[in-house]
Amino acid sequence: MKKRICLIHTGGTIGMVKGENGYSPKEGYLESVLNKMDDLKSPEMPDISFYEMSPLLDSSDMAVEDWNRIGKEIAKRYDSYDGFVILHGTDTMAYTAAALSFMLENSNKPIILTGSQIPLCEIRSDGQDNLITSLLIAGSGKVNEVCLYFGGRLLRGNRATKMSADGLLAFDSPNCPRLAEAGISIRYLPYTPPKIDTGAPFSLCLLENVPIGVLKIFPGISFPIFDTLMTEKLKGIVLETFGAGNIPGEGHTLLPIIKKAFLAGSVVTVCSQCPQGTVTLGAYATSSPLVEAGAVSGFDMTTEAAVAKLYYLFSKDYPSEKIKELMETDMRGELTK
Ligand code: ASP
């Protein structure tokens, strides 16, 4: 029996058309293009149902409530389909993929985000392959988790990051092997799926718009400027540190701020500015005090995944001690310890 795949259009370049102010999504346009695509009617394709969200968004406009809207559309149809392909802008696709991987609890179906760098209406669009291959992968039922497909690469959603603003191989997952590669054929690579509680039913966890911040460390940073922000305004903070988790020698000015933030119920997670490799707190004298101050290691998590995970864990209303513990725990394949 043919697999049933629901194709959900959220916006992004793939379905954009050029207007006076540049490219923007146009309601109804993508469906009219899809109706003319013969490949979608090929016997190899799964049965596809199309749903267009409203309003369609440039993904740079996406916020937590939009992740909730997408999550609700998936949850409503979860039992009626074998998988989902989500058309999405590339700019924040990795954030949405990470967020969905946490929000869709106990999901064991393919949920693949894709889009394009060149709109489908333009010559040389990469949208056609990204769309068709995503549908084939979703229909194969071989990879049952939230993924991102782009430029021939199938990546774990919460490990993906946008690597290029203008290249067609725009995404990769430097800390996690690709799940599949599409060349002449689609080659599924051996991988360990994220652990799920197979006895528990699928459920959707809606996210709350808790105040989360990302602070990128740079030479010369003056930490006291961020004191009020970190201790009074933000609940979750991702520190993008140098290398394996290092902060400048003047780090002693940061430590009391981290302590104060933790006592106020905030969680500071240490990630790396390097796209590849892991944070190892304590490897250098410049990182050891972070742990003592109450920060947690994000290990090899992307900033996108750390941000989404903080939203998720705060939305679960866990006490900050538990959030700290879970930030360092592999929940959906988002980190390697
Ligand atoms: N700004 C667009 C978006 O993220 C870029 C894209 O889709 O490639 O929606």
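Numbering of residues starts from 1 in each chain and follows the order in which that chain's sequence is written. Owing to the predicted nature of the model, reporting of local features is limited to residues with pLDDT of at least 70; listing and counting of side-chain atom pairs is limited to 80 or more, with chain, interface and lining totals taken over all residues. Side-chain measures here rest on the full set of heavy atoms in the structure, leaving out hydrogens and waters.

Draft legend 1. Inspection of the overall build of the chain at higher detail. Of the regular secondary structure elements, the chain holds 9 helices and 18 strands. Note on method: radius of gyration uses C-alpha positions; expected globular size equals 2.2 Å times residues raised to 0.38. A globule of 337 residues ought to have a C-alpha radius of gyration of about 20 Å, and the chain, at 20 Å, matches this closely. Projected onto the principal axes, the alpha-carbon positions of the chain cover approximately 65 × 50 × 35 Å. Note on areas: Shrake-Rupley, 1.4 Å probe, and residue coverage restricted to the protein chains presented here. Accessible surface, the chain: about 14600 Å² in total, of which carbon and sulfur atoms supply 52%. When charges are counted, Lys and Arg are positive and Asp and Glu negative, with His and the chain ends excluded. To locate a charge, take NZ of a lysine, CZ of an arginine, CG of an aspartate or CD of a glutamate. Side-chain charges in the chain split into 32 positive and 39 negative, and the spacing between the mean points of these groups amounts to 3 Å. Secondary structure elements are taken from DSSP: a helix is a run of H or I of four residues or more, a strand is a run of E of two residues or more, and numbering for both begins at the N terminus.

Draft legend 2. Geometry of the sheet that holds strand β4 (residues 47–57). Think of it this way: DSSP has to see at least two bridges between two strands before they count as a pair. If you trace the 8 strands from one edge of the open sheet to the other, you get β4-β1-β5-β7-β8-β9-β12-β13, paired in mixed fashion. Of all the strands in the sheet, the pair left with one neighbour each is β4 and β13 (186–188). Recorded for the sheet is a direction-independent mean angle of 20 degrees between the axes of neighbouring strands. Pairing analysis gives 4 bridges linking strand β5 (residues 83–87) to strand β7 (residues 111–114), with the strands arranged parallel. Paired with Phe84 across the bridge in β7 is Ile111. Axis geometry follows a simple rule: fit a line to the C-alpha atoms, using only the stretch in contact for helices, then measure angles between N-to-C directions, giving values from 0 to 180 degrees.

Draft legend 3. Broad picture of the environment of Met327. Its location among the elements puts Met327 in helix α9 (residues 320–327). Remark: the alpha-carbon pair of Met327 and Thr303, spanning 24 residues in sequence, is separated by 12 Å. For Met327, the residues in contact, after removing those within four places along its chain, are Val267, Thr269, Val296, Ser297, Met301, Ala306, Lys309, Leu310, Leu313 and Leu335. In this description, contact between two residues means that some pair of their heavy atoms is separated by no more than 4.5 Å.

Draft legend 4. Structural detail: the nonpolar core. Ile74, Phe84 and Met327 are the most contacted members of the largest nonpolar core, which totals 55 residues. At 9 residues, the largest contribution of residues to this core is made by helix α8 (residues 303–315). Judged by nonpolar contacts, the second largest core, of 26 residues, contains Leu34, Met45, Leu179 and Ala180. We call a set of buried residues a nonpolar core when its members are Ala, Val, Leu, Ile, Met, Phe, Trp, Tyr or Cys and they connect through side-chain atoms within 4.5 Å of each other. Here the term buried applies to any residue with accessible area under 20% of the maximum for its type, exposed to any over 50%, and partly exposed to those in between, with areas from a 1.4 Å probe on protein chains only.

Draft legend 5. Seen up close, the packing of α8 against α9. Viewed as axis vectors pointing N to C, α8 and α9 meet at an angle of 145 degrees, and their least axial separation amounts to 10 Å. Note that α8 runs across α9; the crossing there is right-handed. Counting all contacts with α8, which are made through Ala306, Lys309, Leu310, Leu313 and Phe314, the residues of α9 involved are Ile323, Leu326 and Met327. Asp, Glu, Lys and Arg are counted as charged, while Ala, Val, Leu, Ile, Met, Phe, Trp, Tyr, Cys and Pro are counted as nonpolar; the rest, among them Gly, fall into the polar class. The residue makeup of the contact of α8 with α9, split by class, is 7 nonpolar, no polar and 1 charged. Definitions for this section: a left-handed crossing has its near helix turned counterclockwise from the far helix by less than a right angle. A right-handed crossing has that turn clockwise.

Draft legend 6. Seen up close, α9. Every buried residue of α9 is listed here: Ser320, Ile323, Lys324, Leu326 and Met327. On the buried face of α9, the contacting elements are α6 (255–263), β17 (267–272), β18 (296–297) and α8.

Draft legend 7. Region of interest: the packing of aromatic side chains. Between 30 and 60 degrees the pair is tilted, below 30 it is stacked and above 60 it is edge-to-face, where a pair is any two Phe, Tyr or Trp rings, Trp via its six-membered ring, whose centres lie within 6.5 Å. Evaluated as defined, the whole model comprises 6 aromatic pairs. Taking the centre distance of 6.5 Å and the plane angle of 10 degrees together, the rings of Tyr78 and Phe84 count as stacked. You can call Tyr78 buried: its relative accessible area is 4%. Taking the relative accessible area as the measure of exposure, Phe84 reaches 0% and is therefore buried. Through a chain of ring-to-ring contacts, three or more aromatic side chains come together here, namely Tyr78, Tyr81, Phe84 and Phe202. For a Lys NZ or an Arg CZ to count as sitting over a ring, it must be within 6 Å of the ring centre and within 35 degrees of the ring normal. Residue placement shows Lys109 over the ring face of Tyr78; its charged tip is 4.5 Å from the ring centre. Residue placement shows Lys322 over the ring face of Tyr318; its charged tip is 4.6 Å from the ring centre.

These figures capture arrangement, not role.
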